[in-house]
Amino acid sequence: MIALTIILLISTTLLGGIFFVLFRWAVRDGQFDDPEEAKYVIFREDEAGTKNKPQKH
């Protein structure tokens, strides 16, 4: 019983550490800078995307 408790404590600590590292990475990467911007991105024209689209003749 004590072995199971130790295994669970170690695994949850490792899992929590992994999620914390991933969260810090996302914050540093700018994922949470402006959450309201995501709903307006669809209305903007992508200048880089329009240059690469094949044109119909």
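The structure presented is a predicted model; accordingly, all values stated were derived computationally and were not measured. Every chain's residues receive numbers from 1 upward, in the order its sequence appears when written. Confidence filtering applies because this is a predicted model: local features only for residues at pLDDT of at least 70, side-chain atom pairs given and counted only at 80 or more, and all residues used for totals across whole chains, interfaces and linings. By convention in this description, side-chain values take in all heavy atoms of the structure and omit both hydrogens and water.

Draft legend 1. Just the pattern of salt bridges, in detail. Any Lys or Arg side-chain nitrogen found within 4 Å of a carboxyl oxygen on Asp or Glu counts as a salt bridge. Evaluated as defined, the whole model comprises two salt bridges. Linking lysine 39 and glutamate 36 is a salt bridge whose minimum nitrogen-to-oxygen distance equals 2.9 Å. A relative accessible area of 47% places lysine 39 in the partly exposed class. Only protein chains enter the calculation, and the probe is 1.4 Å; a residue is then buried if its accessible area is under 20% of its type maximum, exposed if over 50%, and partly exposed in between. Exposure remark for glutamate 36: the relative accessible area of 45% places this residue in the partly exposed category.

Draft legend 2. Molecular detail of a nonpolar patch on the surface. There is a patch of nonpolar side chains on the surface, built from Leu15, Ile18, Phe19, Leu22 and Trp25 and spanning about 570 Å² of accessible area. Assignment of secondary structure puts tryptophan 25 in helix H1 (residues 2-29). You can call tryptophan 25 exposed: its relative accessible area is 59%. Without a salt bridge and with relative accessible area above 30%, a residue can belong to a patch; like charges are then joined within 9 Å and nonpolar side chains (Val, Leu, Ile, Met, Phe, Trp, Tyr) within 5 Å. Every accessible area reported is derived by Shrake-Rupley at a probe size of 1.4 Å, with residue values counting cover from the shown protein chains alone. The way it works is that DSSP assigns letters per residue, a run of H or I at least four long becomes a helix, a run of E at least two long becomes a strand, and they are numbered from the N terminus.

Draft legend 3. Representation of the packing of aromatic side chains in the model. Centres within 6.5 Å make a pair out of two Phe, Tyr or Trp rings, where for Trp the six-membered ring is used; the pair is then stacked when the planes are under 30 degrees apart, edge-to-face when over 60, and tilted otherwise. Per the stated rule, a full pass over the model turns up one aromatic pair. Residues phenylalanine 23 and phenylalanine 32 carry aromatic rings whose centres are separated by 5.8 Å and whose planes lie at 40° to one another, so their mutual orientation is tilted.

Draft legend 4. Representation of H1 in the model. Each helix should span, by expectation, one fewer than its residue count multiplied by 1.5 Å. The end-to-end C-alpha separation of H1 is 40 Å, in line with the 40 Å expected for 28 residues at 1.5 Å each. Once H1 ends, the next one or two residues include glycine 30, with phi positive near 95°.

The quantities given are spatial measurements derived from coordinates; they are silent on function.
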